Amino acid sequence: MVRLLHLIAPGLLAAAASAFAGPQSPLGDFITGNSSAGTTFNLSTLAWTVKNTNGSIQIPASVPGQVHLDLLKAGIIGEPYVEINEFYQRWIAYEPTWTYTAKIQNPDDLRSAKKIFLRFDGLDTACNISLFGQHVAAVANQFRQWAFDVTSIVQSPTNSTDRNITVAFQSPILYAKEVRERSEVYPPDAYTNQSVFSNREYIRKQQADFGWDWGPAFAPSGIWKPALLLALGSRQNASENQKRPQIHELNTLVDIYRVGQLNNIPPNQNANWMVNVSAEVLSVDTFDRATVTLSFPQLQVTSPPIRVAGIKPGRNFVTAHFEVDKSKPHLWWPVHMGKQNLYDLHISINPQPTSGLAPMNYTRRTAFRTIVLNLLRYPDALTIPFGGPYKPGDQFHFEVNGVTFFAKGANWVPADAFYRRITKERRRGILQSAVDANMNMVRVWAGGVYEDDEFYDLADEMGLLLWSELQFSISTYPADPAFLSNVIPEIEYNVRRINRHPSLALWVGNNEMEWFVLGLNATYRGAYGKHLLDEWDYTFVQLFQRVILSTTRSITYLFSSTTQGYLSGPDPWIARYNNKTRGELYGSAENWNFGIATFEDITRFPAARFVNEFGFHSMPSIYTWDEVLTSPSDYQFNSSVVVARNRKPPPGGTAWPNPNSPNGMYQMTQGVITHYPVPSRVDQRTNFSMWCHATQLTQAQFMQLQIESYRLGSGRPENNLGALVWQLNDIWQADSWSGVEYSFRWKILQYHLRRVYQPVIIVPLFNTRTADLSVYTSTDLRSTVKGTASLIWRTWQNGAAVNSSVVHFTTRSLNNTLLGRAVGLSTIVPAGYSANDVWLQLTLNATDASGNKYNHENVFTPVKLNAANLRDPELTVRPQRGTTNGIVVEASSAAAAYAWVDHPPCITGHFSDNSIFVIPGQSRILNFVVFENTCHGDWRQSIVIRSVWDYNHEGSNTESLGHST
């Protein structure tokens, strides 16, 4: 591949970077970093205002904040998420400038300091910064932190009356267009087909801000993270320096790995631990005898003072490491595999041990674990203890602390279009929903942001592994010096910041870009196609890999989310692309099939080592729609507002409403009418609710079928060891691929995921081409399980058992057992019964080697439910006596297909189970896991129950669906 930067004339890179960043500050180079203790002035306490270009709007502002939220608080705009306000509020993103200003009341308090730095933890995005009327810098990267030496401005101002700090943001839409026009790279317009606003690849900003196929396009601006003024040292009083900080920590890399460990290679699990710390600090002076002391108080382990390279004025990297005996710490494990043992690492940096200066002390929480995405070749002629025999090729599975496991999870998208509205409680609620659904991994998708430490802290505590991606998604990006000089510090900063978290499972270069660029290479044949591929290879395979692997030794780097992996490695790692051998398996896969006629065809599912994206969209519940719909006429499946909020397929431009929306609405409609009785209730609100429910059931059954197939792949030649459904959460209230709605309410999908992600499952796998029904057990446990499986055929009429069998089984770790197979409905269905009249109930009870018990329930319907002879089950639900959150569900006359209980909107959380089959005479007890309860009285008096029967039959209690207040 062409190494592009090697072709650039010397000095051009620096010149281009200077032009990209705007006029350079006379105060010195910018410095990136993170927060720390010290003498700081929190700029959020100032009285900020924000104004538009001509000053016709000038309102109070919040820092941290975003202009949309300031406008909302001031009453200039309404809630952006309501109705079609997203369209009406596009003018905000097009406004040429939004300028934030605040007055520093007592600048004399700063002037005694030896050095003064202005630090921003996040600026979104292209802006000019000035202080006391003097230009400080022009920056353009949402994902970096910035610190500027402003000592001379504060201590020798050129304007004695101006005491303002000003940050003027340029329209991200207009700025991206300007960068494209002066860029050296001009990708085709088709590259932005996911977006409403174009040119997103030219601005280092959350890519989903420009619109995606499940979310809105607001493109907000603002000082979105904390801002500080730092006063270090004293220039007037030497004794004062004994009290005031001389150095300030910006960002600290904590890298814990086994001695001798290399990236991307499974390490020796018997080796001791190496603890490497690299602190990025600001200093007021030269300190040539600095030391660092590292300690883990819980382990009673402390390093001796470690001499470090001399500290100079300005920006420094202070690095120290020491070895910890392998017997000292307890390991950190993912959820369901062990305990989440976390330790405080105390870091003490003493700038001058003999001078009496106070050391800088701070703590970072971390853990001891190894996590590797094993990409090495399968040894020839080996049957592995899990799965197998396998096809030759490359491995693609995760190993934590040397243990191979099946990755079960979903994809994370930004939890709100406005970052400042994402609270710790929102993060916790969504991540807890993943844990409660038996997931062990969440993929942090590459079109959002590098999530805060708070997000990773929660995952550390919960035991959720986070597949984490650099923020580049399904496009081609510039590879010119100006762009790359802005991006490399972004990657370095975020990799260093996040590395301490044991939940960090992987760094991936981007979302879906390998197959995207390979497609372009095939489309644009010749030199231009090769140029695009060469740029991509240089940037994501070579450059970014070097940046990350030179920063951390404990984490695997993969250059694309969906990929054919590496052709060779480890020195260097070279991308495979199309260099494949027939019959062998490499890399990861996706499955996107919106053809209703074929999406249940299991022969079309990818036989892959790992499937990291697959999904189908559905409507949110009626209660979530209540948050954003205001007119009764909106409550229809194809109302103008509902259709306008559908982004599947994406608009690919600013046309309103989405001109492609009818296609996505048609896919959901076809999914419903192909499988279920068509909702036809008289009451409009109730009928809309039934349609929403039916789209969710379509989604849930399709995803369950795929996951069952992928889990069975662990015991097949593909040795599949991962399934991450698209997607976990929502960014707003609209139809999407999510399992958890914006309001935290679980969709039907999330309940089906909870069941299919259980450790031991029973699977009725039906081949629609051959009418072949095979029943398997499957386990992702680390030990063999033994148990019994019960298969009972029941009637729809009254749920009575008409045929049953019990099978004993033994299933090895990460493997499957075939319990039985039958071909043809006449053979599958019990003799004397029509396929329309019966259904199969499958239950499993198992025990592992340690005596732990497992159970699982599944169903098989030989015909689609719109052809089944369903009856009114006469469902009832009542509070469980003696409990505050338990309910009892019963059917009095017939079997209920996918009985569903809805909780009122005043309580958030989820049931222990839902979307279940209920049989007369067999009560089902469900418990509710509460996140928040604001209900007055017993919330269980307001629950609603329904089943598929209710889609087109009147008289059920679903008529009581009340509007949220």
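In the block above lies the structure referred to throughout.
The text that follows walks through the structure, step by step, so that each part is easy to find. Remember, it's a predicted structure, so these values are computed and weren't measured experimentally.

Reading guide: rules and limits
- Residues numbered from 1 in each chain as written.
- Predicted model: local features only at pLDDT ≥ 70, side-chain atom pairs only at ≥ 80, totals over all residues.
- Heavy atoms only, no water.
- Disulfide = S-S within 2.5 Å.
- Helix = DSSP H or I, 4+ residues; strand = E, 2+ residues; numbered from the N terminus.
- Salt bridge = Lys/Arg side-chain N within 4 Å of Asp/Glu carboxyl O.
- Buried < 20%, exposed > 50% of the residue type's maximum accessible area, 1.4 Å probe, protein only.
- Contact = heavy atoms within 4.5 Å.
- Phe/Tyr/Trp six-rings, centres within 6.5 Å; stacked < 30°, edge-to-face > 60°.
- Lys NZ or Arg CZ within 6 Å of the ring centre and 35° of its normal.

Bringing the state of the cysteines into the picture now. One covalent bond between the sulfur atoms of two cysteine residues makes up a disulfide. The final tally for this structure, using the stated rule, is one disulfide. Sulfur-sulfur distance for the disulfide between Cys906 and Cys935 comes to 1.9 Å. Its torsion about the S-S bond being 90 degrees, the disulfide of Cys906 and Cys935 is classed as right-handed. Of this pair, Cys906 sits in the loop between strand 41 (896–902) and strand 42 (907–911) while Cys935 sits in the loop between strand 44 (924–933) and strand 45 (944–946); the two residues are 29 residues apart in sequence, bridging distant segments of the chain.

Attention shifts here to the pattern of salt bridges. Counting across every chain of the model gives 40 salt bridges. Glu469 serves as the salt-bridge partner of Arg443, at 2.5 Å between the closest nitrogen and oxygen. You can see Arg443 sitting in strand 23 (residues 441–444) and its partner Glu469 sitting in strand 24 (residues 465–469), a full 26 residues away along the chain. Accessibility classification places Arg443 together with Glu469 in one group, the buried group. Residue Glu890 pairs with Arg878 through a salt bridge whose shortest N-O separation is 3.4 Å. With a gap of twelve residues between them, Glu890 in strand 40 (residues 886–891) and Arg878 in strand 39 (residues 875–879) connect regions that are remote in the sequence. With a relative accessible area of 26%, Glu890 lands in the partly exposed category.

Where burial is concerned, most of helix 9 (residues 453–462) is hidden: seven out of the ten residues are buried. Phi for Gly463, located one or two positions after helix 9, is positive at around 85 degrees.

All right, on to the environment of Tyr898 then. Tracing the backbone through its elements, the reader meets Tyr898 in strand 41. You can call Tyr898 buried: its relative accessible area is 6%. For the pair Tyr898 and His856, spaced 42 residues apart in sequence, the C-alpha to C-alpha distance is 16 Å. Contact partners of Tyr898, with chain neighbours within four places excluded, come to Leu697, Gln701, His752, Val859, Leu865, Ser915, Ile916, Phe917, Arg946, Ser947 and Val948.

For the coordinates displayed, the defined rule picks out 62 aromatic pairs. Between Phe599 and Phe702 the ring centres are 4.1 Å apart and the planes differ by 20 degrees, which places this aromatic pair in the stacked class. One end of the pair, Phe599, is in the loop between strand 29 (589–591) and strand 30 (611–614); the other, Phe702, is in helix 16 (residues 684–712), and 103 residues separate them in sequence. A relative accessible area of 3% places Phe702 in the buried class. Between Phe911 and Phe928, the ring centres sit 4.9 Å apart and the planes meet at 75 degrees, which makes this aromatic pair edge-to-face. One end of the pair, Phe911, is in strand 42; the other, Phe928, is in strand 44, with 17 residues separating them in the sequence. Judged by its relative accessible area of 5%, Phe928 falls in the buried class. Among the aromatic residues, ring-to-ring pairing joins Phe472, Tyr477, Phe483, Trp536, Phe540, Phe544, Phe559, Tyr566 and Trp573 into one connected group. The ring of Phe594 has Lys648 lying over it, and the distance from NZ or CZ to the ring centre is 3.6 Å.

All we've got here are geometric facts, nothing functional implied.
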